[in-house]
Amino acid sequence: MEILRVENLTKTYGTGENMVRALDGVSFSVKKGEFIAIIGPSGSGKSTLLHILGGVDKPTSGKVFMDGNDVYAQNDEQLAIFRRRQVGLIYQFYNLIPVLNVTENITLPVLMDGRKVNDERLEELLKTLNLKGRENHLPNQLSGGQQQRVSIGRALMNAPAVVLADEPTGNLDSKNSQEIVELLKLSNKKFNQTLIVITHDENIALQANRIIDIQDGKIIRDEVIRQ
Ligand code: ADP
Ligand code: ADP
């Protein structure tokens, strides 16, 4: 079953002589439960693509369909709800809110959505992410790996259909990196949640079921490497 489809995406930044074509005619379709690694050199358009999929950066032209809905045909309010419920974004440098503790960071998207925190789900997430006993710690009192686990918790709290991670292990050593990948894979397997990860790490890319290689804003390879 298709969960996500992009059609002929282009994205340009700037104008005239300063114009940069970050994406140039990108199309693909994603089935529910896929784990896709996006690879390619620095500056090739990977982050731009991920941000467009996540509803945070509007394409210059082309379309994104999530579960059949045209994402950028929505108004700003609908788009904000889309960002909180349909997708979970994970960044290289965690992007946690420094003055909020672990629990507050994880539950923020739910609260911003005006919904009640599902305590059972929070508890389960804290356990899975090995953050029990750290609930009241601030981000600067945590290791990099722990901070990334908090950001995974925040991304998963609303049980999004699609998790989008931009170099989630780029700032971690290999042991912590594999731990983060295992956690992402767990949710991918257990809930058939779709996972799209940008990575420079070949070991991680090879754990995906499909690899999309982007160069100069174009897909130069899109291959299913395992079913
Ligand atoms: P990658 O993630 O593959 O490193 P990016 O998507 O970050 O690539 O960037 C693709 C191209 O778009 C690069 O040339 C980059 O400099 C440019 N770019 C990205 N974001 C912006 C922006 N906000 N303003 C101007 N240029 C940008
Ligand atoms: P509900 O929406 O009523 O909680 P679901 O069928 O969506 O029920 O989920 C069943 C259980 O699995 C719940 O505890 C839910 O929080 C959890 N869950 C569902 N989808 C995901 C997901 N994609 N990632 C993590 N947990 C999930």
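Residues numbered from 1 in each chain as written. Chains lettered and ligands numbered in written order. Predicted model: local features only at pLDDT ≥ 70, side-chain atom pairs only at ≥ 80, totals over all residues. Heavy atoms only, no water.

As a reminder of what qualifies: UniProt positions are given in the numbering used here, feature names are shortened, and annotations may be inferred rather than shown by experiment.
An unreviewed UniProt entry annotates the protein as ABC transporter ATP-binding protein originating from Acetivibrio mesophilus. As its UniProt record puts it under Sequence similarities (unreviewed entry), the protein is described as follows: "Belongs to the ABC transporter superfamily."

### Describing the overall build of the protein
For the record, the criterion: The secondary structure listing takes helices from DSSP runs of H or I that are at least 4 residues long and strands from runs of E that are at least 2 residues long, numbered from the N terminus. For this analysis, residues touch if any pair of their heavy atoms sits within 4.5 Å. Computed by Shrake-Rupley with a 1.4 Å probe, the accessible areas treat only the displayed protein chains as cover when residues are assessed. None of His or the chain ends enter the tally, which takes Lys and Arg as positive and Asp and Glu as negative. Taken as the charge location is NZ of Lys, CZ of Arg, CG of Asp or CD of Glu.
A tally of helices and strands in the protein yields seven helices and 10 strands. Across its three principal directions, the C-alpha atoms of the protein cover 50 × 40 × 40 Å. A separation of at least 24 residues holds for 70% of the contacts in the protein among residues at least 6 apart in sequence. For the protein, the exposed surface amounts to about 11100 Å²; the carbon and sulfur share of it is 48%. Of the side chains in the protein, 27 bear a positive and 28 a negative charge, and the two mean positions are spaced by 3 Å.

### Examining the site of ligand 2
Test applied: Residue proximity to a molecule or strand is established when one non-hydrogen atom of the residue lies within 4 Å of it. Pairing of N or O atoms within 3.5 Å defines a polar contact, subject to two protein rules: one partner must be a possible hydrogen donor and the other a possible acceptor, and residues neighboring in sequence count only if both atoms are side-chain atoms. Each residue gets one of three labels, nonpolar for Ala, Val, Leu, Ile, Met, Phe, Trp, Tyr, Cys and Pro, charged for Asp, Glu, Lys and Arg, and polar for the others, Gly among them.
Taken together, R121, A159, P160, S187, F191 and Q193 make up the full set of residues adjacent to ligand 2. One of the side-chain N or O atoms of Q193 is found 2.9 Å from a nitrogen atom in ligand 2. In the complex, 48% of the free accessible area of ligand 2, which totals 530 Å², lies under the protein chains. A per-class count over the shell around ligand 2 returns three nonpolar, two polar and one charged.

### Notes on helix α1 (residues 46-53)
Defined as follows: Relative accessibility thresholds used throughout: buried, under 20% of the residue-type maximum; exposed, over 50%; partly exposed, between the two (1.4 Å probe, protein chains only).
Within α1, six of the eight residues are buried, which leaves the element mostly enclosed by the surrounding structure. Downstream of α1 by one or two residues, G55 has phi in the positive range, about 80°.

### Comments concerning the site of ligand 1
Around ligand 1, the structure places Y13, V20, A22, P41, S42, G43, S44, G45, K46, S47 and T48. G45 is positioned such that a nitrogen or oxygen atom in its backbone is 3.0 Å from an oxygen atom of ligand 1. Side-chain polar atom of K46 to an oxygen atom of ligand 1: 2.8 Å apart, as the coordinates give it. Computed on the free molecule, ligand 1 has an accessible area of 560 Å², of which 58% lies beneath the protein chains in the complex. Secondary structure elements with two or more residues in the shell around ligand 1: β2 (20-31) and α1. Grouping the constituent residues of the shell around ligand 1 by class yields four nonpolar, six polar and one charged.

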